[in-house]
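Summary of structural features
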Amino acid sequence: GMIPQGLVLLTSLAFAVGVVRLGRRKVLVQELPAIEGLARVDTVCFDKTGTLTEGTLAVRDVISLGEKDPEPALAALVAAEPEPNATLQAIADQFSGSSDWRADGAVPFSSARKWSAASFAGRGSWVLGAPEIVVPGDARVAARAEQLAEEGSRVVLLASSEYPLSGETLPRRLEPVALITLGDRIRQDAAATLRYFAAQGVQAKVISGDHPETVAAIAREVGVPGSADAVDARRLPRDPEEFADAVNEATVFGRVTPHQKRAMVQALQSRGHVVAMTGDGVNDVLALKDADIGVAIGSGSAASRAVAQLVLIDGEFSTLPDVVGEGRKVISVSYTHLTLPTIQQWC
């Protein structure tokens, strides 16, 4: 290792050994330089779903807000969605069945809009989405949704309108029909993983598209620092410097759009942080690509796996401490005492 030409070979060999060791832990390394980046990571950003929670949702309750029966509309809406997300899939599992409602128009769900909709012949338009987005001026619905979110439920609103759909614009005069609450199970290893990061001086930030109170309730349960002061990403300042300060100070964010996830990664980098981003959906691709280390969940979308430097094949959140620790071990060995006996013992 004292010979300059030999140092290049030995360092590359150390990286290769790290790839093998991570492979045994079911982590696919797609870019060799990611090993070095792992050693310098001081901030890990992750979504709530699939990391703190298992990522499988189930309908908890349907709370009617009027005289209309929500079940036929829910069954028809999920039937009109060609690629349901986790929320719509949970609703489909609960309300799947034959429906005589004929869809004559539909707007697929978008994480940026946070709603999906369909219109049905003779039955008007129906919208399913975030309550504060679908009916922003309804104080009664907002208060009830806030209460349910504080209990840790994901809350979506079903609303109807007599007016037709017009592109990606919400129909006029939407009438709240029902609140649907969904929940998912917290990973048993989430709390221990977060404790490891805290002990290693790596700060964890939760950035989710869900309601801030829902995200905060889950974060509190697993012990994320600062979860009592969850931030609604829609209220973040537009000024780049103020935005970076806000992202740097807070740890839990809700109602985050895909473009904001990317902006948050860039803001943390501008403050000197080395950022690892974990994600499993198409909405995480921009942030995964711009992060110093992009970590995709193996069960996630093909797009997220394609842009990430690392893929957690089994999707286990508890693997992340091993990933960070392996990177630091590689760099420590590379620059101190990399010899053949050391390599043999390490392997």
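Procedures and definitions
Residues numbered from 1 in each chain as written. Predicted model: local features only at pLDDT ≥ 70, side-chain atom pairs only at ≥ 80, totals over all residues. Heavy atoms only, no water. Helix = DSSP H or I, 4+ residues; strand = E, 2+ residues; numbered from the N terminus. Buried < 20%, exposed > 50% of the residue type's maximum accessible area, 1.4 Å probe, protein only. Contact = heavy atoms within 4.5 Å. Areas by Shrake-Rupley, 256 points an atom, 1.4 Å probe, with all protein chains shown as cover. Lys, Arg positive; Asp, Glu negative; His and termini not counted. Charge placed at Lys NZ, Arg CZ, Asp CG, Glu CD. Salt bridge = Lys/Arg side-chain N within 4 Å of Asp/Glu carboxyl O. Arc of directions from axis to C-beta. Polar contact = N/O pair within 3.5 Å; in protein donor to acceptor, adjacent residues only side chain to side chain. Pairing = 2+ DSSP bridges. Axes fitted to C-alpha atoms, helices over the stretch in contact; angles between N-to-C directions. Right-handed = clockwise from strand over helix to strand, strands pointing away. 1 Å grid on protein atoms, 1.4 Å probe; cavity = no way out; pocket = protein on both sides within 12 Å on 5 of 7 lines; lining within 4 Å. Points joined across faces, edges and corners; volume = space filled by probe spheres on them. Nonpolar A, V, L, I, M, F, W, Y, C, P; charged D, E, K, R; others polar.

Within the chain, the regular secondary structure consists of 15 helices and 14 strands. For the chain, with 347 residues in total, the buried portion stands at 52%. A separation threshold of at least 6 residues defines the contact pool for the chain, and within that pool the share at least 24 residues apart is 65%. Total accessible area computed for the chain in this model is approximately 15,900 Å², and 51% of it derives from carbon and sulfur atoms. Counting 33 positive and 42 negative side-chain charges, the chain places the averaged centre of each group 3 Å from the other.

For the structure shown, the criterion picks out 13 salt bridges. Here glutamate 132 makes a salt bridge to arginine 234, at a shortest N to O gap of 3.7 Å. Here the residue glutamate 132 occupies a position in helix H6 (residues 131-134), and arginine 234 occupies one in the loop between strand E10 (231-232) and helix H10 (240-249), the gap between them amounting to 102 residues. Between arginine 235 and aspartate 232 there is a salt bridge, with its nearest N and O atoms 3.1 Å apart. Overall, the relative accessible area of 9% leaves aspartate 232 in the buried class. Three or more residues joined by partner-sharing salt bridges are found here, namely Glu132, Asp232, Arg234, Arg235 and Arg255.

With that settled, consider H10. The complete set of buried residues in H10 reads Phe243, Ala244 and Val247. Along the axis of H10, the buried residues cluster in a sector spanning 100°; they form a single face. Facing away from the buried side of H10, by more than 90 degrees, are the exposed residues Glu241 and Glu249. Tucked inside the fold, the buried residues of H10 contact strand E9 (203-207), strand E11 (252-254) and helix H11 (258-270). The N-capping residue of H10, defined by a side-chain oxygen 3.1 Å from the backbone nitrogen of glutamate 241, is aspartate 239.

This part covers the side chain of histidine 211. On the secondary structure map, histidine 211 appears in the loop between E9 and helix H9 (212-222). By relative accessible area, histidine 211 is classed as buried at 14%. Polar contacts involving the side chain of histidine 211 include one to the main-chain amide nitrogen of glutamate 213, which spans 3.0 Å. Once residues lying within four places of it in the same chain are set aside, the contact partners of histidine 211 are Glu132, Glu146, Ala149 and Arg255.

Our focus in this paragraph is the sheet that holds strand E1 (residues 27-29). One open sheet holds the 8 strands; their spatial order is E1-E14-E13-E12-E2-E9-E11-E10, and the pairing between them is mixed. A strand with exactly one partner marks an edge of an open sheet, and here the two such strands are E1 and E10. Together, E9, E10 and E11 form the strand contacts of H9, whose direction differs from that of E11 by roughly 145°. Seen against the sheet, H10 touches E9 and E11 and runs at an angle of roughly 115° to E9.

Looking now at the pairing of strand E12 (residues 275-279). Extensive coverage of E12 is indicated by the burial of 5 of its 5 residues. Residues Val275, Met277 and Gly279 line one face of E12 and the alternating positions Ala276 and Thr278 line the opposite face, and both faces are buried. Where strand E2 (residues 43-46) and E12 come together, 3 bridges link them in parallel fashion. The residue bridging threonine 43 from the neighbouring strand is valine 275, located in E12. Bridge analysis of E12 against strand E13 (residues 293-297) gives 4 bridges, and the strand direction is parallel. Bridge pairing links glycine 279 to alanine 296 in E13. Read from E12 through helix H12 (residues 285-290) to E13, the crossover connection turns out right-handed.

Bringing empty space enclosed by the protein into the picture now. Taken as a whole and judged by the stated rule, the model has 1 cavity of 30 Å³ or more. The calculated volume of the largest cavity comes to roughly 50 Å³. If you trace the largest cavity, you find it lined by Leu38, Val44, Ala276, Thr278, Ile293, Val295, Leu320, Val323 and Val324. Of all the elements, helix H14 (residues 320-334) adds the most residues to the lining of the largest cavity, at 3 residues. Its residues placed into classes, the lining of the largest cavity shows 8 nonpolar, 1 polar and no charged.

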